[in-house]
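Below, each chain spelled out in residue letters.
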Amino acid sequence: MADLKLSVDTSTDAERAVVDAVIAPADHAVVYETERVVRGGTERRRERRHLLLPGLHALQAEAGWISPGGLNYLCGALQVPPAEGFGVATFYELFRTTDPAHGQSVHHVCMDTSCHIAGAEALARSLEAEGERVHRGPCIGQCERAPAQFIQGRAEPDRVPADAASIADPTSYRLPQHGSSKLRLLHRVGVVDPTSLQSYHDHGGYAMLRYAIEIGSDAVIDEVKSAELLGRGGAAFPTAVKWRAVADERGRPKHVIANADESEPGTFKDRIVMENDPFALIESLTIAGLTVGADNGWIYIRGEYPLATTRLRNAIEQCRIAGLLGDNVMDSGARFDIELRRGAGAYICGEETALMESIEGYRGEPRNKPPFPTTYGLFGEPTAVNNPETLLNVLDLLEVGGDHYRTLGSERSSGHRLFCLSGHVRVPGLYEVPFGIALGDLIDLAGGSTGMTRAVLLGGAAGVFVGPDQLDLELSLEAVRDAGATLGSGVITLFDDTVDFTALVLRIAEFFKNESCGQCVPCRVGVTRQHEVLVEMAANGALSDERNTLIDDMATVMRDASICGLGHTASGAVQSAIRLGLVGDRP
Amino acid sequence: MTTIESDTHAEGESAVESVTVRINNNDVSVARGATILDACTASGIDTPTICYAENLTPVNVCRVCVVEVTGNRTLVPSCSRLAEAGMEIQTDSDRVRHSRKMVLEFLGSSVDLSQAPEINQYSVRYEADVTRYVDDREVIEEPIRIQDELYIRDYDKCVLCYKCVEACGDDAQHTFAIAVAGRGFDNRVSTEFDVVLPDSACVYCGNCVAVCPTNALQFKSEFDLRRSESWREEEQTVTTTVCSYCGVGCNLELHVQDNEIVKVTSPVDHSVTHGNLCIKGRFGYQYVGN
Amino acid sequence: MFGAGGGTVSYAEIEEADVILLWGSNAREAHPIFFHHLMKGLDNGARMYSVDPRRTSSSKFADLWLGIDVGTDIALANAIAREIIHAGLANDDFIIRSTRGYEDFAAAVEPYTLDVAAEITGVPATAIREVAHAYATGGKSQILWTLGITEHHNAVDNVLSLCNLALLTGHVGRWGSGLVPLRGQNNVQGGGDMGALPDKLPGFQRIDDDADRTKFEAAYGMGLNPTPGIHLTLMFEAMERSELTAVYVVGENPADSEADVDRARALLSGLDCLVVQDIFLTRTAQLADVVLPASVAWAESDGTVTSSERRVQRVRGAVTPPGEARHDIDIIIDLADRMGVDLGTNEPEALWDELRSLSPLHAGMSYERLEAGGLQWPCPSLDHPGSPFLHGWLWADDLGGRAPAPFSVVEHEGPKEQLTEEFPLRLTTGRSLDSYNTGVQSNGFTSPIRYGEALDINPVDGESLGLSDGERVRVSSPRGSVEMAVRFQFDIPIGLTFTTYHFPDLVDINKLTNDAWDKRSGTSEFKAAAIRIDKIDFPIPMAGS
Ligand SMILES: Cc1cc2nc3c(=O)[nH]c(=O)nc-3n(C[C@H](O)[C@H](O)[C@H](O)COP(=O)(O)O)c2cc1C
Ligand code: SF4
Ligand code: SF4
Ligand code: SF4
Ligand code: FES
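Values in this document were obtained by computation on a predicted structure and should not be read as measured data.

1. Describing the overall build of chain C
- Scanning chain C from terminus to terminus reveals 21 helices and 23 strands.
- Across chain C, contacts joining residues at least 24 apart in sequence account for 70% of those joining residues at least 6 apart.
- In the structure as shown, chain C presents an accessible area of about 20300 Å², 53% of it carried by carbon and sulfur atoms.

See the structure below:
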């Protein structure tokens with residue numbers, strides 16, 4: 001590492017205090033043991049680097065920005081080069097590196113898909129008219145209650161106004177399917193008290209961890225394998241393959257990570273589960289950890305989820321006290337604990353390797369693969385990353401057995417799936433159905449469209465538009481793939497014929513332009529040039545042949561040569577909108 | 001009589017295993033651990049690279065070196081992907097040519113490549129057409145940063161290849177004075193809060209300048225000569241010698257124009273320097289000839 | 001002699017070391033590109049322990065920095081040795097097979113308990129113990145040193161005390177383990193290799209060894225004086241006694257670089273004849289009767305130099321020298337000619353080949369072979385690949401037919417100049433990254449990071465003297481006094497002060513340093529003078545302000 005040059009220390013007492021709460025002075029990367037003996041070195045620095053992101057959060061919350069003095073103090077404590085610290089701070093939407101020159105909280109108003117058509121701009125303006133500070137930003141995972149806002153607190157904790165009811169009465173949350181006996185994944189939501197381990201026990205909690213310990217690692221993986229569980233985070237990768245690979249790694253520390261970054265526009269499923277059944281995520285992540293032989297569990301949750309964060313923190317604490325986390329989990333002799341990490345506003349950090357970089361205290365830039373996380377993951381060590389919904393399914397498949405679980409769902413997609421319905425639908429919200437349901441039936445389950453459906457966005461911004469002629473499309477991985485679409489993270493957003501699709505598609509293009517990490521050329525420049533062509537199209541009202549070729553040429557290089565899934569999918573929605581005639585006015 | 005015995009042993013010199021890959025339908029054998037790029041080079045295929053350098057860990061961000069490997073959904077960066085036995089590789093398929101052309105168009109449409117002759121040659125080879133983008137497009141516009149007598153930084157020319165960051169960081173210098181800041185198209189190589197270079201951690205080793213492929217980073221000496229239109233690279237001689245300052249024994253390449261040293265570099269394949277120097281070796285020549 | 005001659009390992013080896021003991025060396029600034037290799041080692045997992053009175057920029061990379069009192073290195077080394085022995089961590093097999101003198105050595109270090117060493121060095125016993133255990137138990141351990149070890153009156157003892165540690169643990173003669181003296185100047189190693197030492201012929205052959213000398217006499221076709229000459233410090237003493245009255249200085253600047261420069265300048269001025277051959281009109285040249293302007297060896301002429309890892313490399317002329325400047329070789333040949341001796345060719349390769357025919361270490365190094373990145377000596381034949389590390393024979397079954405390597409008994413003495421009430425502060429000197437020795441070369445460019453000369457002092461000392469940061473003060477030693485600014489630095493321990501010696505025109509710091517010198521190496525004690533700091537009551541306005 002480095003012989004840092006720190007600038008003149010201008011940190012405030014308050015800034016130092018919040019950094020010291022993240023890392024005590026006695027534990028800094030460099031400590032004076034006596035006037036003549038100083039301990040430091042590469043290993044101590046490496047071990048502490050992951051505290052950079054929590055440190056930046058602390059400074060941002062305290063001062064409203066990452067000031068040079070504050071960054072300097074934090075970098076000194078962790079021995080992170082200030083230039084790198086600055087590079088990390090400037091990567092995230094929730095951090096600012098210029099003085100806001102005001103002491104107010106900031107209202108982050110979502111400008112994406114569902115909120116876009118639900119009057120997000122009007123909300124932003126009315127807040128501004130009331131004298132509030134507004135930041136227009138990307139989706140914040142509350143699409144079912146669009147237009148949405150999240151308040152980044154100054155001298156008050158972060159909060160979401162819409163959470164008030166749940167905070168007042170933790171069991172008050174109601175799913176549209178509340179009370180349905182068909183719920184396998186969501187059956188505790190709105191029923192169990194999410195703040196109480198006892199309540200979770202009372203509703204069958206921790207039976208599956210006990211069972212998993214009983215049957216042992218190999219048997220658990222066998223169950224997951226016979227269940228043919230596929231990941232729910234977007235890539236639909238077989239979970240058993242991933243777990244087996246990590247379990248087979250020996251002799252190095254290992255990790256399991258719950259990827260709760262949930263930033264795909266239109267997605268809010270993990271939030272509802274974490275807010276209303278947090279212990280289920282803890283239990284299932286613990287099963288994952290014990291199964292693959294990892295001591296370390298991490299939950300990486302997006303920074304805009306204050307209620308879910310509070311509930312998970314509380315749950316982790318209770319589980320530690322009850323011996324369900326710690327040195328001897330449920331008397332199994334195994335060690336496992338969970339560390340919660342908050343993202344800071346970066347869609348790309350949901351990409352699993354970007355997520356690891358982010359935890360490690362670097363910019364959330366995805367890694368090239370191979371090597372894959374199962375061999376070279378967090379801190380270079382074997383790691384299994386799963387979506388919370390995937391983990392929830394493990395509880396289900398262990399309960400009913402892999403073979404039985406396999407009979408649920410469709411031909412090639414087993415089990416139940418969570419779908420996030422929003423936009424022009426009568427009862428927006430989270431729905432749990434078996435794989436294979438027809439798109440139209442699912443929409444009917446949500447009360448049908450509120451108008452004349454013109455298009456449905458499947459899979460979020462990274463997905464594709466399908467037309468109303470596709471309502472009989474079977475919602476399974478295989479059928480959707482054959483149709484050239486994707487289920488992604490289970491997003492279904494309806495748009496009726498009142499929608500200005502040009503503005504909508506422009507916004508989607510803008511989302512990618514804002515969210516590309518900018519590391520690789522195809523994506524960094526591609527999403528920018530794509531947006532420019534669409535801006536031009538919006539002005540002209542139509543897309544020329546030449547421009548259409550350019551869009552396709554750019555889409556091809558982004559799909560073929562980008563490092564990660566963001567670049568690969570950044571043109572899907574745009575191209576499908578052109579194809580369906582939603583924009584571009586082409587024959 | 002004094003004698004000093006010799007030892008020639010070096011550890012880990014076991015017989016090197018080799019792997020065979022198929023490139024454009026010809027078999028090529030390379031040592032295990034070699035990249036696809038190495039294999040291409042070994043079979044005489046000239047692969048364009050921008051962010052790759054022999055003395056740096058590949059960051060594989062420019063994507064101009066991509067090739068098609070059977071069984072991979074996307075193209076793969078040849079500079080970082082290891083050659084595996086039995087790989088079927090295409091280096092000149094339509095897909096490969098398309099991606100390379102687009103990368104070059106993207107860069108050409110964003111930054112000033114006027115002092116990046118190598119990249120321009122690739123652009124000709126792959127028929128990159130930067131004129132087909134929206135006129136009113138975003139390009140990198142930054143003031144030239146002249147903050148001392150040794151360097152200039154002209155980020156209008158920066159292709160964000162990360163080389164300077166790597167050279168300043170843990171690939172060589174471990175000073176970490178510069179890093180990439182921002183996100184997406186707003187990414188810039190920057191000091192903390194963009195403080196001027198002399199206030200940063202910079203120690204003026206010039207190792208960043210040495211690796212920059214576009215002249216976004218330049219020695220002030222070169223910049224001044226270029227500005228007065230007296231930089232004549234074709235007339236320059238390059239002589240390898242040894243630094244006169246400390247006892248490390250760094251090799252220097254003295255670039256001489258009109259019997260004056262105008263720039264100092266170091267050979268990237270030299271076992272001592274790997275292309276890097278310190279401020280004394282890099283700039284300490286200025287007394288020569290005075 | 002074991003431990004002399006050259007670094008026993010190559011730079012590449014430190015990249016694979018497990019434990020690095022950096023002793024009295026600020027390689028981060030003094031040997032920056034070597035430090036690249038070292039940092040790679042750290043990235044690969046090596047632990048580093050730094051022993052230095054100052055927490056230097058190199059120390060900042062260390063897992064543990066031990067800020068010992070100036071001049072207490074031997075006490076520390078002996079205590080480390082004792083701890084290694086008592087903890088049962090000595091490499092007994094190696095000691096028995098490859099060394100001699102262990103019993104005496106073990107007895108000699110016995111009084112150096114951790115507590116005694118803590119008392120002498122000012123560093124807690126626990127830290128000393130930690131270093132001892134780390135060094136001994138490391139798979140591959142190296143000790144590196146520079147002027148912090150050698151610029152003391154007992155420099156040779158200091159080096160021997162470190163060699164003892166390597167012999168005790170067997171950390172020498174194997175890939176990755178060894179002893180590394182880092183050379184301060186680009187061809188100190190080469191100069192020594194070429195016989196520019198009072199008692200040596202090229203290739204470390206001895207002038208007083210008849211077999212060695214006869215070989216040279218045959219080649220040169222004339223007799224050679226078998227009596228070893230004297231080194232620089234003795235020369236100054238000889239000048240003092242008027243035994244030495246004519247001096248020919250080639251590429252050195254003793255009028256600035258000697259400790260106690262007032263004395264040096266007086267002696268040089270008093271010579272009957274002073275000839276200076278240099279590329280600059282240095283302070284020494286200004287005192288000369290005759291100045292021979294030389295060309296810049298590394299950029300204006302052809303030849304070879306040798307680095308700290310014994311790598312012989314080619315230098316090549318890139319520009320033609322200005323004005324009357326001539327190549328060193330030509331000057332010497334002409335001079336010999338005037339004295340009636342024909343030295344023969346001035347052709348660098350032919351001269352080199354002559355050297356190869358006389359020095360077995362270099363015999364295999366043809367110009368052609370040196371083209372590709374150089375070769376490390378010994379390289380006795382054209383098919384020999386050169387030697388990454390030395391002393392592998394220590395591990396050979398019969399020691400390659402040699403005598404075992406000797407331990408040396410060395411005792412702690414401390415700096416010659418003790419602190420007194422009158423001179424209560426310790427002054428030590430060193431280099432900074434962007435400057436070099438007395439600055440004649442490096443001051444040719446405008447470094448953005450050069451901040452001029454100042455006396456670094458701990459703020460605690462500064463405040464107790466009633467000083468403020470940046471204040472100009474009078475700094476005095478028993479030999480003289482200068483005026484300079486103080487700079488408050490947290491990284492310098494209380495009681496210690498530090499300055500570089502790069503800007504003699506600004507501050508004549510070598511007026512203060514101590515010329516107590518080491519009998520064997522001839523190095524002066526630049527590292528340990530006693531000084532006092534006085535406020536200047538009526539500050540003299542600085543030029544330009
Ligand atoms: C740009 C991008 C964003 C992503 N965001 C998420 C996310 O928020 N949550 C998630 O579980 N997976 C996300 N993924 C997918 C992850 O990389 C990874 O495949 C997934 O977490 C694996 O979990 P699973 O196997 O349980 O699906 C994202 C991928 C990309 C390319
Ligand atoms: S594809 Fe986009 S988001 Fe992914 S690494 Fe490349 S620039 Fe970053
Ligand atoms: S300044 Fe040069 S080396 Fe650095 S990222 Fe830009 S183009 Fe690459
Ligand atoms: S470049 Fe720097 S490290 Fe290398 S020999 Fe010259 S002074 Fe020494
Ligand atoms: S050279 Fe391979 S990605 Fe840039």
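2. Observations concerning the site of ligand 1
Residue and element names in this part refer to chain A.
- Around ligand 1 there are 19 residues in total, and G233, K242, E262, N387 and T390 lie nearest to it.
- A distance of 3.0 Å separates an oxygen atom of ligand 1 from a polar backbone atom of E352.
- Taken together, the elements giving at least two residues each to the shell around ligand 1 come down to β9 (383–386) and α24 (565–569).
- Partitioning the shell around ligand 1 into residue classes produces four nonpolar, nine polar and six charged.

3. Considering a nonpolar patch on the surface
Residue and element names in this part refer to chain C.
- The grouping of Y248, V250, I332 and L343 at the surface amounts to a nonpolar patch, some 320 Å² of accessible area in total.
- Tracing the backbone through its elements, the reader meets V250 in strand β9 (residues 246–250).
- The exposure class of V250 is partly exposed, given its relative accessible area of 40%.

4. Observations regarding the site of ligand 4
- Residues in contact with ligand 4, as listed here, are C243, Y245, C246, G249, C250, L277, C278, K280 and G281 of chain B together with P32 and I33 of chain C.
- Proximal residues around ligand 4 fall on chains B and C, making this an inter-chain site.
- Looking at the shell around ligand 4, the elements that each hand over two or more residues are α7 (279–283) of chain B together with α3 (32–43) of chain C.
- Here the residues of the shell around ligand 4 are counted per class, giving eight nonpolar, two polar and one charged.

5. A closer look at the sheet that holds strand β1 (residues 18–23) of chain B
All names here are of chain B.
- Within the open sheet, the five strands sit side by side as β2-β1-β5-β3-β4. Their pairing is mixed. Unpaired on one side and paired on the other, β2 (26–31) and β4 (76–77) mark the two borders of the sheet.
- Of the pairings in the sheet, the one linking β1 to β2 comprises six bridges and is antiparallel in character. Its bridge partner being in β2, T20 is matched across the sheet by S29.

6. Details of the interface of chain B and chain C
- Taken together, the contact between chain B and chain C spans 60 residues of the former and 74 residues of the latter.
- With both chains or domains summed, chain B and chain C bury close to 5300 Å², and 61% of this area falls on carbon and sulfur atoms.
- Counting across the chain B and chain C interface gives zero salt bridges.
- Linking chain B with chain C are 15 residue pairs in polar contact (both at pLDDT 80 or more).
- Elements supplying a minimum of two residues to the side of chain B that touches chain C: β10 (237–242), β11 (251–257), β12 (260–265) and α7 of chain B.
- For the side of chain B that touches chain C, the class distribution of residues is 27 nonpolar, 25 polar and eight charged.

7. Digging into the packing of aromatic side chains
- Taken as a whole and assessed by the stated rule, the structure comprises 24 aromatic pairs over all chains.
- Ring plane angle 50° and centroid distance 4.8 Å describe the contact between F86 of chain A and F193 of chain B, whose orientation is recorded as tilted. Taken together, the residues F86 of chain A in helix α5 (residues 82–89) and F193 of chain B in the loop between β8 (188–190) and α5 (207–211) connect one chain to another.
- With relative accessibility at 21%, the residue F193 of chain B sits in the partly exposed group.

8. Brief notes about the packing of helix α21 (residues 501–515) of chain A against helix α22 (residues 521–540) of chain A
Residue and element names in this part refer to chain A.
- Relative orientation of the contacting elements α21 and α22 amounts to 160°, with a least axis distance of 9 Å. For the element pair α21 / α22, the angle class is roughly antiparallel. Note on packing geometry: the crossing formed by α21 with α22 is left-handed. Contact with α21, carried on its side by T502, V505, L506, A509, E510, F512 and K513, involves V527, T528, Q530, H531, L534, V535, M537 and A538 of α22 and no other residues of that element.
- Taken together, the residues of the contact of α21 with α22 break down into nine nonpolar, four polar and two charged.

9. A short note on the sheet that holds β12 of chain B
Residue and element names in this part refer to chain B.
- The three strands are arranged β10-β11-β12 in an open sheet whose pairing can be described as antiparallel. Since the sheet does not close on itself, it has two edges, and those belong to β10 and β12, each with one partner. Mean inter-strand twist for the sheet, computed between neighbouring axes without regard to direction, equals 35°.
- Of the pairings in the sheet, the one linking β10 to β11 comprises six bridges and is antiparallel in character.

10. Structural notes on the confidence of the model for chain C
Residues and elements named next belong to chain C.
- Averaged over chain C, the pLDDT score is 86; the fraction of residues at 70 or greater is 88%.
- Of all helices and strands in chain C, the one with the weakest mean pLDDT is strand β21 (residues 514–517) (63), whereas helix α8 (residues 125–137) scores best (98).
- Two summary scores accompany this predicted model of the complex, namely pTM at 0.93 and ipTM at 0.95.

11. Concerning the pattern of salt bridges
- Under the counting rule described, the total for this entry stands at 89 salt bridges over all chains.
- A salt bridge links E130 of chain C to R39 of chain A, with the nearest nitrogen and oxygen atoms 2.7 Å apart. A residue pair is termed interchain when its members come from two chains, as with E130 of chain C in helix α8 and R39 of chain A in strand β2 (residues 37–39).
- Here K269 of chain A ties to E389 of chain A by a salt bridge, and the two come within 2.8 Å at their closest N and O atoms. Placement of K269 of chain A in helix α13 (residues 269–276) and of E389 of chain A in helix α17 (residues 388–400) is noted, with a sequence separation of 120 residues between them.
- On the basis of relative accessibility, which here comes to 1%, the residue E389 of chain A falls in the buried class.
- The structure contains a network of salt bridges with shared partners spanning R232, K269, D270, E389 and R417 of chain A.

12. Re the interface of chain A and chain B
- Contact residues are listed per partner, giving 55 residues for chain A and 50 residues for chain B.
- Joining chain A to chain B, the criterion identifies five salt bridges.
- The shortest N-O distance in the salt bridge between D560 of chain A and R95 of chain B comes to 2.7 Å.
- Where chain A packs against chain B, one counts 28 residue pairs in polar contact (both at pLDDT 80 or more).
- Looking at the side of chain A that touches chain B, the elements with two or more residues in it are α4 (68–78), α5, α21, α22 and α23 (545–561) of chain A.
- Looking at which element gives the most residues to the side of chain A that touches chain B, the answer is α22 of chain A, with ten residues.

Conventions used here
All residue numbers here refer to positions counted from 1 along the written sequence of the relevant chain. Going through the entries in the order they are written, you letter the chains from A and number the ligands from 1. The predicted nature of this model means local features are confined to residues of pLDDT at least 70 and side-chain atom pairs, given and counted, to a pLDDT of 80 or more, with totals for whole chains, interfaces and linings taken over all residues. Heavy atoms from the whole structure form the basis of all side-chain values; hydrogens and water molecules are not counted. Under the scheme used here, helices are H or I runs from DSSP no shorter than 4 residues and strands are E runs no shorter than 2 residues, and both carry numbers assigned from the N terminus. Contact definition: two residues touch when any of their heavy atoms are within 4.5 Å. Only the protein chains shown count as cover for residues, with accessible areas throughout obtained via the Shrake-Rupley method and a probe of 1.4 Å. If a single non-hydrogen atom of a residue is within 4 Å of a molecule or strand, that residue counts as near it. The term polar contact refers here to a pair of N or O atoms within 3.5 Å; inside protein, the definition further demands a hydrogen-donor-capable atom paired with an acceptor-capable atom, and it admits residues adjacent in sequence only when both atoms are side-chain atoms. Side-chain classes are defined by residue name, with Ala, Val, Leu, Ile, Met, Phe, Trp, Tyr, Cys and Pro counting as nonpolar, Asp, Glu, Lys and Arg as charged, and the others, Gly among them, as polar. A residue counts toward a patch only above 30% relative accessible area and without a salt bridge, and it is joined to like-charged neighbours within 9 Å or, for Val, Leu, Ile, Met, Phe, Trp and Tyr, to nonpolar neighbours within 5 Å. The term salt bridge refers to a side-chain nitrogen of Lys or Arg lying within 4 Å of a carboxyl oxygen of Asp or Glu. Residue exposure (1.4 Å probe, protein chains only): buried if accessible area is under 20% of the type maximum, exposed if over 50%, otherwise partly exposed. The pairing criterion for strands is at least two bridges between them, as found by DSSP. Buried area: the sum, over both parts, of the accessible surface (1.4 Å probe) that disappears when the two are put together. Centres within 6.5 Å make a pair out of two Phe, Tyr or Trp rings, where for Trp the six-membered ring is used; the pair is then stacked when the planes are under 30 degrees apart, edge-to-face when over 60, and tilted otherwise. Only the stretch in contact is used when a helix axis is fitted, and all axes are lines through C-alpha atoms; the angle between N-to-C directions ranges over 0 to 180 degrees. By the definition adopted for this analysis, an angle is roughly parallel if under 35 degrees, roughly antiparallel if over 145, roughly perpendicular if from 65 to 115, and oblique otherwise. Note on convention: the crossing is left-handed when the near helix lies turned anticlockwise from the far helix by less than a right angle, right-handed when the turn is clockwise. Per-residue confidence from the predictor is reported as pLDDT, a score between 0 and 100.

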